[in-house]
Amino acid sequence: MLVEHPRAASGGATLGSRLREPGTLAALAVSAVLALLIGLQIAASISGFEGPLASLARDYIGTPKSMSVPWAGLVLALVGVSARRRVFAVSAAIGIDAVFVALRLLDGKPFTVGNGPTIVLTALVLIAAVRWHGRERTDALKAAALGALLILATKVGDVWLHVTSAVHPTVLDEYLLLADHALGDPSWVVGRVLEVLGPEVYAVLHWVYIELPVAAIVVAVWQLRGVVTTGVWPSHYLVRTFLVLGLVGPLFYVLFPVVGPMFAFGADGNGFQLGNFWPSALPPIGQSPAPLPFDEFTPRNCMPSMHTAWALSLFIHTRRDVDGTRAPAWLRWGGAFWLAATVAATLGFGYHYGVDLVAGVVLCLTVESALRAPERGWDAARIRMVVGGSAVFAGLLFGYRYLAVEMAQYPVLAGAVVIGLLAAVAVAFHLTWFAAAPDRTAAVVRV
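First, a word on what this report is: a plain description of the structure on this page. Bear in mind the structure is a predicted one, so any value in this text is a computation, not a measurement.

Some details on the overall build of the protein
Summing up its helical and strand segments, the protein has 21 helices and four strands in all. Counting only C-alpha atoms, the protein reaches 75 × 70 × 50 Å along its principal axes. Within the protein, the fraction of its 447 residues that count as buried is 46%. Just so you have it, the protein exposes about 21,100 Å², and 70% of that area is on carbon and sulfur atoms. Separation of charge centres in the protein, based on 30 positive and 27 negative side chains, amounts to 13 Å.

Digging into the environment of alanine 54
Its location among the elements puts alanine 54 in helix α3 (residues 52-61). On the accessibility criterion, alanine 54 (30% relative accessible area) is partly exposed. For the pair alanine 54 and lysine 155, spaced 101 residues apart in sequence, the C-alpha to C-alpha distance is 9.4 Å.

Some remarks on the nonpolar core
Counting 77 residues, the largest nonpolar core has Met303 and Tyr400 as its most contacted members. Take this core: its biggest share by element is ten residues, from helix α18 (residues 354-371). Formed by 18 residues, the second largest nonpolar core is a distinct cluster that contains Val69, Leu74, Ala77 and Trp132.

Observations concerning the packing of helix α11 (residues 212-223) against helix α16 (residues 306-317)
The contact between α11 and α16 brings their axes to 10 Å, and the two run at 25 degrees. Taken together, the axes of α11 and α16 lie roughly parallel to each other. At the point where α11 passes α16, the crossing takes the left-handed sense. Contacts between α11 and α16 pair Leu212, Ala215, Ala216, Val219, Trp222 and Gln223 from the former with His307, Trp310, Ala311, Leu314 and His317 from the latter. A breakdown of the residues in the contact of α11 with α16 according to their chemical character gives eight nonpolar, three polar and no charged.

Looking at the environment of serine 280
With respect to the helices and strands, serine 280 occurs in the loop between α15 (261-264) and β3 (292-293). In sequence terms serine 280 and glycine 266 are 14 residues apart; their C-alpha atoms lie 9.5 Å from each other. If we skip the residues at most four places from it in the chain, serine 280 touches Trp188 and Arg192.

Brief notes about the packing of aromatic side chains
Tallied over the entire structure, the rule returns 13 aromatic pairs. Geometrically, the ring pair formed by phenylalanine 242 and tryptophan 310 is stacked, given 5.8 Å between the ring centres and 25 degrees between the ring planes. Of the two residues, phenylalanine 242 is situated in helix α13 (residues 238-248) and tryptophan 310 in helix α16; the sequence distance between them amounts to 68 residues. Summarising the burial analysis for this pair, phenylalanine 242 and tryptophan 310 share the class buried. Judged by centre distance (5.7 Å) and plane angle (40 degrees), the rings of phenylalanine 272 and phenylalanine 294 are tilted. One end of the pair, phenylalanine 272, is in the loop between α15 and β3; the other, phenylalanine 294, is in the loop between β3 and α16, with 22 residues separating them in the sequence. Among the aromatic residues, those joined into a cluster by ring pairs are Tyr202, Tyr209, Phe349 and Tyr351.

Description of the pattern of salt bridges
Here the structure, examined in full by the defined rule, presents ten salt bridges. Across the salt bridge formed by aspartate 139 and arginine 135, the nearest N and O atoms sit 3.4 Å from each other. Note that aspartate 139 and arginine 135 are positioned in helix α7 (residues 134-167) at a spacing of four residues, about one turn of the helix. Residues arginine 376 and aspartate 379 are paired through a salt bridge, measuring 2.6 Å at the closest nitrogen-oxygen approach. On the basis of relative accessibility, which here comes to 35%, the residue arginine 376 falls in the partly exposed class. Looking at aspartate 379, the relative accessible area reads 26%, which means it is partly exposed.

Concerning the side chain of serine 369
As for its position among the elements, serine 369 is in helix α18. For serine 369, a relative accessible area of 0% gives the class buried. Apart from residues no more than four positions distant in its own chain, serine 369 is found in contact with Arg382, Met385, Val386, Phe429 and Trp433.

Digging into helix α17 (residues 329-348)
Taking 1.5 Å of rise per residue, the 20 residues of α17 would be expected to cover 28 Å, and the 28 Å separating its terminal C-alpha atoms lies within 8% of that figure. After α17 finishes, the residue glycine 350 shows a positive phi value of roughly 75 degrees.

Quick look at unusual backbone geometry
Note the cis peptide between tryptophan 278 and proline 279, where omega equals -5 degrees. Note that proline 279 resides in the loop between α15 and β3. Following methionine 303, the chain continues into proline 304 via a peptide bond in cis, with omega recorded as 0 degrees. Along the chain, proline 304 falls in the loop between β3 and α16. The phi torsion at aspartate 185 lies on the positive side, around 50 degrees, for a residue other than glycine. Tracing the sequence through the fold places aspartate 185 in the loop between α8 (173-180) and α9 (186-197). Of note, the phi angle at asparagine 270 is positive, near 55 degrees, even though the residue is not glycine. Inspection of the secondary structure assignment puts asparagine 270 in the loop between α15 and β3.

Cut-offs applied
Throughout this description, residue numbers start from 1 for each chain and increase along the sequence as written. Predicted model: local features are reported for residues with pLDDT of at least 70 only, side-chain atom pairs are reported and counted for 80 or more only, and whole-chain, interface and lining totals are derived from all residues. Side-chain descriptors were evaluated using all non-hydrogen atoms of the structure, hydrogens and water having been removed beforehand. Numbering goes from the N terminus for both helices and strands, where a helix is a DSSP run of H or I of at least four residues and a strand is a run of E of at least two. Classification of residues uses two cut-offs on accessible area relative to the type maximum, computed with a 1.4 Å probe and protein chains only: under 20% is buried, over 50% is exposed, and between them is partly exposed. The protein chains shown are the only cover counted for residues, whose accessible areas, like all others here, come from Shrake-Rupley with a 1.4 Å probe. This count recognises Lys and Arg as positive and Asp and Glu as negative, with His and chain-terminal groups excluded. Throughout, a charge is located at the NZ atom of Lys, the CZ atom of Arg, the CG atom of Asp or the CD atom of Glu. Only buried residues count toward a nonpolar core, which is a set of Ala, Val, Leu, Ile, Met, Phe, Trp, Tyr and Cys residues joined through side-chain atoms within 4.5 Å. Geometry is summarised by axes, namely lines fitted to C-alpha atoms with helices restricted to the contacting stretch, and by angles between N-to-C directions that run from 0 to 180 degrees. An angle below 35 degrees is treated as roughly parallel, one above 145 as roughly antiparallel, one from 65 to 115 as roughly perpendicular, and anything else as oblique. Helix crossings are classified by the rotation of the near helix relative to the far one: an anticlockwise turn of less than a right angle makes the crossing left-handed, while a clockwise turn makes it right-handed. The contact criterion used throughout is that any non-hydrogen atoms of two residues lie within 4.5 Å. Ten residues, namely Ala, Val, Leu, Ile, Met, Phe, Trp, Tyr, Cys and Pro, are considered nonpolar, four, namely Asp, Glu, Lys and Arg, are considered charged, and the remaining ones, Gly among them, are considered polar. Only Phe, Tyr and Trp rings take part, Trp by its six-membered ring, and two of them pair if their centres are within 6.5 Å. Stacked means planes under 30 degrees apart, edge-to-face means over 60, and tilted covers everything else. The rule for a salt bridge is simple: a side-chain nitrogen of Lys or Arg has to be within 4 Å of a carboxyl oxygen of Asp or Glu. Given a helix with a known number of residues, its expected span is that number minus one, times 1.5 Å.

Everything listed here is a matter of geometry and, on its own, says nothing about what the molecule does.
Take a look at the structure:
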């Protein structure tokens, strides 16, 4: 009989326990993020476009690329500190932003903000790490990490969009155009509707579309509003779904490169489009779709529609509070409005085909099912939902690519199949997570 040496056993257990310690996991996570940023910066520099570290440097001392994302990151970070410190942090960020705005205007540069919240968020991390202790330090650093990840995710996403156009000289829009016949070509329909409704509706939808991170922060702050006072973090909240969707979804951009109707068949194709058809007329593709050569800078970011996936996750998280109780009416109506407006914008602006949105919905429900209620464990219902959702998602992409001609030839049948699969996943999601009464005692975790 073999007996393990006590020292070897204790040493192995000690190593494993050390790897599971929060400090060690945090250090590994920070190291992985830094390695990713450095690697992407090197790749971007070699390829001749702005990398994540260069873009981040602009947020500190230059002209920020986004006005809303740095502020959204700071607001999210402030859920982990006291109300008094929130006032100091916001005041400092406004003051710093005012100085940078004045300097830019004096130099003849455009108006923008974002330096202040980036600098204050960094200072918050340093102060919490060095001077604070116990739960105060833990809450502050955890919330600051969420805010920083939101900002860094946008930087990584910008680089990834460049990668999608660099690695794929052709796009598969002709296939999606045919597959979209099964859904009645909704991008063309909604595009014409928005033309009739006029610039006011367009302006509202455009604002909703670009400010999705702001809406997400509103929901996330509402979900995390009790962290400081109670010392309790929810086991699941919107930011987790947002970040995982942002990690998983864009991987399919390089597997299924698509630029969208307004680029492939509209006026924004920079000479590579098949013609200026969108949204007035359908292009005469016929029954022989082929990869379409396209430029080297338009992102191949249509399949799946991540805006739809993110907006749907926002809608889901506005239905109930983290303890399972019904969310207030203003939040539920706000989530519904944001989802409806986002869907209208993605289609009406010519950014996506209808089949993109279907794939985005299935991806969202699958990822949300993998993350939701972690205290419940991987029971049979969760496994069925994740495996089934993944299978439907893969089947949709396979059908769009290899059965596009048949989908166009038999649009009623194909449309019924696509809508049926979407409905089946949605119903399964509802039955898995919303039909039964929630367990309110397991919805939070103490840190």
